[in-house]
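Close look at the chain arrangement
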Amino acid sequence: MSRQDAHWIVGPGALGRLIGLRLATRPGPPMAVTLIGRRRLPVEQTLVTPQGEALGVSVATATLGSLPADPPGVVHLTTKAYGAEAAHAALAPHLPAGTPLVLWQNGFGCQPRLALRHHGPVLCATTTEGAYLEAGPASDGRVVHAGRGETLIGTLDDARNARHAALARALAGEIATALSDAGLAARAVDDIHRRLWHKLAVNAAINPLVARFGIRNGQLRDRPFRPMVEAIIAEVATILAAEGIAPPDGAGGMKGRGEAHARDLEAWRDLVWRVVEATAGNRASMLQDVLAGRPTEHEAILGPLLAAADAHRLPAPRLTELADWLRAREVAGSSDTC
């Protein structure tokens, strides 16, 4: 087994564990996976598939304070967006120069900063896979793969280090293949910046609402939630049009009204509702954070949209209301929804 087949998963929450356990059970040549958190997780983990099958998986575990002696081939940073830079700062002194880093954070804020700081190739990944940790005593070792999606991987342009950028582009295809072989559909893309905005748009339409009302993703299809989602999509579409961010299969960047704007809005609607359908049984990460009394990623998800709305002098009352509720909840230290 080559060093490239050794993957560190730093920040093994639901998504991190899903990635790690899938890679560990990939058919073919063995792949060494280590789950690295603030505290050591059980070696014996359970992955519940979308079909309800429980798979037992043995993986290595470690902590940031007690890292494995052998260096990794790839580091997957799967912490929350607000914790990514601190986790990287703790990890970076222990990594050989040139170690590839894959960033899995929601939103669009920490990624460009970490791409500049890391001494090696940096990839960004965005995924619509759904996963959550089961509540109760077994939650430390049991993750549910609640909905299948797609993972896109690519590199942000890095004029500062063309060599690292070239390595990252080549590595994106290799990691996408490994994930696909492990049962997580993935592909390398050349426009990850735009794709991160796509994921941010989906997160903004889904996560704050399910967090506020304590519901699963699929319940957004029903009243009274469906009109709320539609209103948020309209706000997001207008903001991203002003930013020149094209939706999937849309024209993009159309500030005026008319047929082009209507096509773009329909493309955003299609994207959001496809993700809702594919992850209907999932408890979104922001809801999991609210229920556990943890901070949420609302600044990483809603912050860029509200900043863009302000810059273009666009109203965003629904996004603002949700951001205000999430901020107030954290100030109050509450795990209540609604």
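Bear in mind that the values here come from a model prediction, so they are computed numbers and not experimental data.

Okay, the sheet that holds strand β9 (residues 130-133) next. An order of β4-β3-β10-β9 is seen for the four strands of this open sheet, with the pairing classed as mixed. Looking at the sheet topology across the chains shown, the edges are occupied by β4 (54-58) and β9. Ignoring which end each strand starts from, the neighbouring axes of this sheet average 25° apart. When strand β3 (residues 44-48) meets β4, the two strands line up antiparallel, connected through five bridges.

Attention now moves to the packing of aromatic side chains. When we look at a pair of aromatic rings, we describe it by the centre distance and by the angle of the planes. Inspection of every chain in the model, using the stated rule, returns two aromatic pairs. Aromatic side chains Phe-108 and Trp-197 sit 6.3 Å apart centroid to centroid with 40° between the ring planes, which places their arrangement in the tilted category. Of the two residues, Phe-108 is situated in the loop between β7 (101-103) and α3 (110-117) and Trp-197 in helix α5 (residues 192-213); the sequence distance between them amounts to 89 residues. The class for Phe-108 is buried, based on a relative accessible area of 18%. Since its relative accessible area comes to 6%, Trp-197 is described here as buried. Both rings, one in Phe-213 and one in Phe-225, keep their centres 5.3 Å apart while their planes meet at 50°; by these two values the pair is tilted. Here Phe-213 is found in helix α5, whereas its partner Phe-225 is found in helix α6 (residues 225-243), with 12 residues between them in sequence. Looking at Phe-213, the relative accessible area reads 24%, which means it is partly exposed. Geometry around Trp-273 places Arg-226 over its ring, the cationic atom sitting 4.1 Å from the centre. Arg-283 extends its terminal NZ or CZ atom over the ring of Tyr-132, reaching a point 4.1 Å from the ring centre.

The rules behind these values
Residues numbered from 1 in each chain as written. Predicted model: local features only at pLDDT ≥ 70, side-chain atom pairs only at ≥ 80, totals over all residues. Heavy atoms only, no water. Pairing = 2+ DSSP bridges. Helix = DSSP H or I, 4+ residues; strand = E, 2+ residues; numbered from the N terminus. Axes fitted to C-alpha atoms, helices over the stretch in contact; angles between N-to-C directions. Phe/Tyr/Trp six-rings, centres within 6.5 Å; stacked < 30°, edge-to-face > 60°. Buried < 20%, exposed > 50% of the residue type's maximum accessible area, 1.4 Å probe, protein only. Lys NZ or Arg CZ within 6 Å of the ring centre and 35° of its normal.

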